[in-house]
Amino acid sequence: ESGWGVGATYVTSAGDTAVTIGAGLADSEAKDVDNDVDGSNGFHVGFSAVTGDLTVAAAYANGDKIIPTGEKAIYDNTVTKVGVKYVAGDVTLSAGMTTAEGDDGTLTAAGGSNDSQDITELGISYAVASGVTANLGFKDIDAQGEGVADTTGGSSWYVGATMSF
């Protein structure tokens, strides 16, 4: 077995904006009982920018896994996330989007079958009193399994409160 990983973070400012950029890379290999090599690798990159009460962030990741025996499969997965948050006094507004896709095809067949999921989230919170926050949120999930729309998606609302003592 062998594996390695490396990552870096860079923090700077551009005028009134604090900027953070991060990235990482990893790879591993392991021999199975038949001396075939299973491998995994991946990378990610992301950034955030904060200007006063506004925060914007985005990230991307990709990873692969190869299994040459047994199920003889290759997995290729990607995830992209984007979010924004704005604080105006006692009110915080937020929005985020995630899109993910995975290809879990076999090594013995051409192509693969795509699984995907797209998530959209919106939220608002209001600081009612010290330690008490009212929350309202919306989430929509659109999912596909094996390239066909599946029933794990849908939309939901959240109304609640958080309290800290």
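Bear in mind the structure is a predicted one, so any value in this text is a computation, not a measurement.

(A) Region of interest: the pairing of strand 8 (residues 132-145). Judged from the 13 bridges that link them, strand 7 (residues 114-129) and strand 8 form a sheet pairing that is antiparallel. When the bridges of strand 8 are listed, threonine 120 appears paired with aspartate 140. The loop that links strand 7 with its antiparallel partner strand 8 comprises two residues; one of these, glycine 131, has a positive phi angle of about 85°. Both strand 8 and strand 10 (residues 154-163) contribute to a ladder of 10 bridges, which runs antiparallel.

(B) Focus on the environment of glycine 83. Tracing the backbone shows glycine 83 in strand 5 (residues 73-88). You can call glycine 83 partly exposed: its relative accessible area is 24%. Once you skip the residues sitting within four places of it in the chain, glycine 83 turns out to touch Thr55, Val56, Ala57, Ala95 and Gly96.

(C) Structural view of the pattern of salt bridges. Considering all chains together, one arrives at one salt bridge under this definition. Lysine 139 is the salt-bridge partner of glutamate 121, the closest N and O atoms lying 3.9 Å from each other. Residue glutamate 121 is located in strand 7, and its partner lysine 139 is located in strand 8; the two are separated by 18 residues in the primary sequence. Classification of lysine 139 as partly exposed rests on a relative accessible area of 31%.

(D) Highlighting a nonpolar patch on the surface. On the surface, Leu54, Val84, Tyr86, Leu93, Ile124, Leu136, Trp157 and Val159 cluster together to form a nonpolar patch covering roughly 760 Å² of accessible area. By the secondary structure assignment, leucine 93 is in strand 6 (residues 91-103). Since its relative accessible area comes to 41%, leucine 93 is described here as partly exposed.

(E) Focus on the side chain of threonine 98. Inspection of the secondary structure assignment puts threonine 98 in strand 6. Setting aside residues up to four positions removed in sequence, threonine 98 forms contacts with Val79, Thr80, Lys81, Gln117, Asp118 and Ile119.

(F) Quick peek at the pairing of strand 7. Across 13 bridges, the pairing between strand 6 and strand 7 is antiparallel. Residue pairing across strands places leucine 93 opposite isoleucine 124, the latter belonging to strand 7.

(G) Focus on the packing of aromatic side chains. Enumeration according to the criterion identifies two aromatic pairs in this entry. Judged by centre distance (5.8 Å) and plane angle (45°), the rings of phenylalanine 43 and tyrosine 60 are tilted. A residue pair is termed long-range when its members are at least 10 positions apart, and phenylalanine 43 in strand 3 (residues 37-51) and tyrosine 60 in strand 4 (residues 54-67) qualify at 17 residues. Residue classification places phenylalanine 43 among the partly exposed residues on the basis of a relative accessible area of 35%.

(H) Just a negative patch on the surface, in detail. Judged by side-chain charge, Asp76, Glu101, Asp118, Asp142 and Asp150 come together as a negatively charged surface patch. Tracing the chain through its elements places aspartate 118 in strand 7.

Rules of the game
- Residues numbered from 1 in each chain as written.
- Predicted model: local features only at pLDDT ≥ 70, side-chain atom pairs only at ≥ 80, totals over all residues.
- Heavy atoms only, no water.
- Pairing = 2+ DSSP bridges.
- Helix = DSSP H or I, 4+ residues; strand = E, 2+ residues; numbered from the N terminus.
- Buried < 20%, exposed > 50% of the residue type's maximum accessible area, 1.4 Å probe, protein only.
- Contact = heavy atoms within 4.5 Å.
- Salt bridge = Lys/Arg side-chain N within 4 Å of Asp/Glu carboxyl O.
- Patch = residues over 30% accessible without salt bridge, like charges linked within 9 Å, V, L, I, M, F, W, Y side chains within 5 Å.
- Areas by Shrake-Rupley, 256 points an atom, 1.4 Å probe, with all protein chains shown as cover.
- Phe/Tyr/Trp six-rings, centres within 6.5 Å; stacked < 30°, edge-to-face > 60°.
- Lys, Arg positive; Asp, Glu negative; His and termini not counted.
- Charge placed at Lys NZ, Arg CZ, Asp CG, Glu CD.

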